[in-house]
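Observations on the model geometry
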Amino acid sequence: MTTPPQSHLAAPPAPPEDGSASQQSGLRSGLKNRHLSMIAVGGVIGAGLFVGSGSGIAAAGPGILLSYALVGALVVFVMRMLGEMAAANPTSGSFSAYADRALGRWAGFSIGWLYWFFWVVVLAVEATAGAAILTSWVPAVPQWAWALIVMVVLTATNLASVASFGEFEFWFAGIKVVAIAAFIVLGGLAIFGVLPGTGHAATGFGNLTSHGGFLPHGPSAILTGVLMVVFSFMGSEIVTLAAGESEDPERAVTKATKSVIWRVGIFYLGSILVVVSLLPWNDPSITKKGSYVAALDSIGIPHAGQIMNVIVLTAVLSCLNSGLYTASRMAFSLGQRGDAPKSFARTSVRGVPQAAILASVIFGFIAVGFNYLWPDTVFQFLLNSSGAVALFVWLVICFSQLRMRGIILRENPAKLVVRMWLFPYLTWATIAMITFVLAYMLTDDSEGGGRIQVLLSVLLAVVVVGISLVRDRIGGKSDKTAGLPTR
């Protein structure tokens, strides 16, 4: 296996003043600071927060707050490490490019394709979820047609320009942020009995301990909750991929990295605290209606279910929009590095990688087809085999940062504007925490549970790494045969 060339870290070239495509990559710097700010804020709020939190509350009781806090801490640490590398060298390949440089071509190739595969499967999941909501509103249009319409519209948005993606994501994320903020304010007022017009009696924080205690199922339920909420945090890293197409990448990455603590604290811990304070954790409506709808119903907010459907649909569309963008930019970066077809690295006159976008959405359409034709076999296999990829990505970020810190200090220390706290001890502690979560997932032997997800994801990772090593070995031999230096 050969190592990547030891090129020097350098600041990305300034965008041309005439608005033409960047000479370095062909991508345009079309994302404004407000786009990046909202992508950073909205990226951490996935549909899973609205849809999946009810089952987590039922499994762990009020102790689910500790589960969210533990996973939130992991996300904060991982984003700090990623921010350190991204602020020094913003690129559309983000952690895949850093792994290529720090760990070897096999690592950049493998994690890049695994991440691409993860988001292609997510496209199918979110398109189906969005179509289900739209069909409930307009039954005359079949669900498959809604899925097709949603995918086509968002594909057109991404093909138009990066600015159009940013504008759509700005408003999608804005709706999510406003919705969560309004929920926390209304819920907070109701908790203390001062919500006007409802006459809702104050509940205070008594529900946190008065129904079997804060940990009604014991301390082990915290870890069970961790497994149920960890994947709802995936997407926080998108801002580091998007930063390469922004007006001021270093500033955008630095700001997003430093704000991740309050984003996790407010949107996740704040909103879940409101739910478990307003309602007993074992209230059947939490799992039947969903935690947020149940909480809104309890304080007399009319049409809470439909309001939440609109918000969930917005979250789904946001995830689709950003997922397609993320998959295409990762494919673009892989194409630039020779790890994907060269066509993926070509951009249109608008500065967007058309081939990378179309390839991603085509595989997304195929996955949607599997979801309709073979939901319990082929599509379930795709879901399970991508289930642990998020944790693999976080591990790769950690190991890359261990090596990249020294490279940055050696080559361009002025670029180290964001630093991981307590390096390297906290980095190793984060690696240990992620490894523990993966190991604990192996104890979950339920159908479609953690064990099958880890095993299939590891199998997929082994196959991809194997392809990378064989490809690298063959490429090295070809270069030697042609009298060329190895890569």
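First things first, this report covers the structure right here in the doc. (Residues numbered from 1 in each chain as written. Predicted model: local features only at pLDDT ≥ 70, side-chain atom pairs only at ≥ 80, totals over all residues. Heavy atoms only, no water.)

**Topic: the packing of helix 17 (residues 389-411) against helix 18 (residues 425-441)**
Look at helix 17 against helix 18: their axes get within 10 Å of each other, and the N-to-C directions meet at 160 degrees. Taken together, helix 17 and helix 18 sit at an angle that is classed as roughly antiparallel. Relative to helix 18, the crossing made by helix 17 is left-handed. Contacts from L391, F392, W394, L395, C398, F399, Q401 and L402 in helix 17 reach T427, W428, T430, I431, I434, T435, V437, L438 and M441 in helix 18. (Axes fitted to C-alpha atoms, helices over the stretch in contact; angles between N-to-C directions. Helix = DSSP H or I, 4+ residues; strand = E, 2+ residues; numbered from the N terminus. Parallel < 35°, antiparallel > 145°, perpendicular 65-115°, else oblique. Left-handed = near helix turned anticlockwise from the far one by under 90°. Contact = heavy atoms within 4.5 Å.)

**With respect to the environment of I397**
Along the chain, I397 falls in helix 17. When the C-alpha atoms of I397 and A190 are compared, they prove to be 41 Å apart, with 207 residues separating the residues in sequence. In this structure I397 touches V78, M81, L82, M85 and F95, once residues within four positions along its chain are discounted.

**Topic: the nonpolar core**
In this structure, F50, F95, Y115, V393, W394, I434 and L438 are the most contacted members of the largest nonpolar core, which totals 156 residues. With residues up to four places along the chain from it excluded, the contact list for F95 reads L82, I111, Y115, E237, L241, M330, V393 and I397. (Core = buried A, V, L, I, M, F, W, Y, C linked by side-chain atoms within 4.5 Å. Buried < 20%, exposed > 50% of the residue type's maximum accessible area, 1.4 Å probe, protein only.)

**Topic: unusual backbone geometry**
Cis rather than trans, the peptide bond between F423 and P424 has omega equal to 0 degrees. Its location among the elements puts P424 in the loop between helix 17 and helix 18. The phi dihedral of H303 falls on the positive side, at around 55 degrees, and the residue is not glycine. Turning to its location among the elements, H303 is positioned in the loop between helix 13 (291-298) and helix 14 (304-336). With relative accessibility at 64%, the residue H303 sits in the exposed group. Phi angles above zero are rare outside glycine, and L422 is one such case at about 50 degrees. Its location among the elements puts L422 in the loop between helix 17 and helix 18.

**A word on the pattern of salt bridges**
Under the defined criterion, the tally for this structure stands at nine salt bridges. Between R34 and E167 there is a salt bridge, with its nearest N and O atoms 2.7 Å apart. Residue R34 is located in helix 1 (residues 33-42), and its partner E167 is located in helix 8 (residues 162-191); the two are separated by 133 residues in the primary sequence. In this structure R34 comes out as partly exposed when scored by relative accessible area, which is 34%. Close ionic contact of R101 with E411 constitutes a salt bridge, the shortest N to O distance being 2.8 Å. (Salt bridge = Lys/Arg side-chain N within 4 Å of Asp/Glu carboxyl O.)

**With respect to helix 1**
Among the 10 residues of helix 1, seven are classified as buried, and the element is accordingly described as predominantly covered. Every buried residue of helix 1 is listed here: H35, L36, M38, I39, A40, V41 and G42. Looking at the buried residues of helix 1, the elements they touch are helix 8, helix 10 (238-242) and helix 11 (249-278).

**Re the packing of helix 5 (residues 94-102) against helix 6 (residues 105-137)**
Any two packed helices are characterised by how steeply their axes cross, that is the angle between the axes, and by the distance between the axes. As a packed pair, helix 5 and helix 6 sit with axes 6 Å apart at the nearest point and diverge in direction by 160 degrees. Classified by the interaxial angle, the pair formed by helix 5 and helix 6 is roughly antiparallel. Where helix 5 crosses over helix 6, the handedness of that crossing is right-handed. Only R105, A107, G108, I111, G112 and Y115 of helix 6 make contact with helix 5, whose side of the interface consists of F95, S96, A99 and D100. Of the residues belonging to the contact of helix 5 with helix 6, the class tally is five nonpolar, three polar and two charged. (Nonpolar A, V, L, I, M, F, W, Y, C, P; charged D, E, K, R; others polar.)

**Brief notes about helix 15 (residues 354-373)**
Its 20 residues place the ends of helix 15 28 Å apart at the C-alpha level, agreeing with the 28 Å of an ideal helix rising 1.5 Å per residue. Among all positions of helix 15, only A356, I357, A359, S360, V361, G364, A367, V368 and N371 are buried. Next to the buried residues of helix 15 lie helix 6, helix 7 (143-160), helix 14 and helix 16 (378-385). (Expected span 1.5 Å × (residues − 1).)

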